[in-house]
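Here is what each chain is made of, one letter per residue.
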Amino acid sequence: EQLKGFLVNTWKTQAENQRSRGWTSSTEEEMIELQRVAATAEQLKGGMQTIMQRAAAEQAAEANGGEMPDSIPDNIKQLRLLAAISGGHGSAVGLYRKTDDALEIDLLIANTQLDGQFKAQQGVVDKLVADAKEEGLKEVRLSDNTHETLFGEYTDLGFKAGGDDEAWSVHKDL
């Protein structure tokens, strides 16, 4: 987990640097790309705190004979991080948790410096959907706040919009 946290922190720094240099682009495609980079940098600011809390919780569990101490909040205990890293096909990370009946993806970001970002994000989603099916979960949910960090459309990842009062998109295959 610490290595994944270091990797994601490096991506955050790259996205922030790219965002600060890039607002002079003129084509619509370049501006959309820069908006995704900016959204990724913003999402990673908060996401890094959570990832580091999870890493600290895992260290506490190791010191506690492999069991998570009671002092660790449930939202951190339930949190998981899945990385998809592929040479030449981008790399992405999904921050997720499992509830009794669903797998909830809170963050789905890609390394903004590599090509193939959306393919890597698709790989993370495919793995999480397969795991959810295997475990008999009823839904895979994607937080609506992740839509702007996607290097494509959430519907192309297999999600459909949730209800009006829902903050989630729901995967069609479950």
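Report follows, based on the coordinates.

**Things to note about the nonpolar core**
Next, step 1: Among the nonpolar cores identified, the biggest contains 22 residues, and Leu103, Ile105, Leu108 and Phe159 are the most heavily contacted of them.
Next, step 2: Residue assignment for this core shows that the elements contributing at least two residues are strand S2 (91-98), strand S3 (102-110), helix H4 (117-134) and strand S4 (139-143).
Next, step 3: Considering each element in turn, this core owes the most residues, seven residues, to H4.
Next, step 4: Not counting residues within four places of it along the chain, the set of residues in contact with Phe159 comprises Ile105, Val125, Val140, Arg141, Leu142, Tyr154, Ser169, Val170, His171 and Lys172.

**Topic: the pairing of S3**
Side-chain positions along a regular strand alternate between the two faces of the sheet.
Next, step 1: Across the nine residues of S3, eight count as buried, placing the element largely inside the fold.
Next, step 2: As judged from the seven bridges shared by S2 and S3, these two strands associate in the antiparallel manner. Bridge pairing in S3 places Val93 opposite Ile109.
Next, step 3: Inspection of the sheet shows S3 paired to S4 by four bridges, in the parallel sense.

Rules used in this analysis
Residues numbered from 1 in each chain as written. Predicted model: local features only at pLDDT ≥ 70, side-chain atom pairs only at ≥ 80, totals over all residues. Heavy atoms only, no water. Core = buried A, V, L, I, M, F, W, Y, C linked by side-chain atoms within 4.5 Å. Buried < 20%, exposed > 50% of the residue type's maximum accessible area, 1.4 Å probe, protein only. Helix = DSSP H or I, 4+ residues; strand = E, 2+ residues; numbered from the N terminus. Contact = heavy atoms within 4.5 Å. Pairing = 2+ DSSP bridges.

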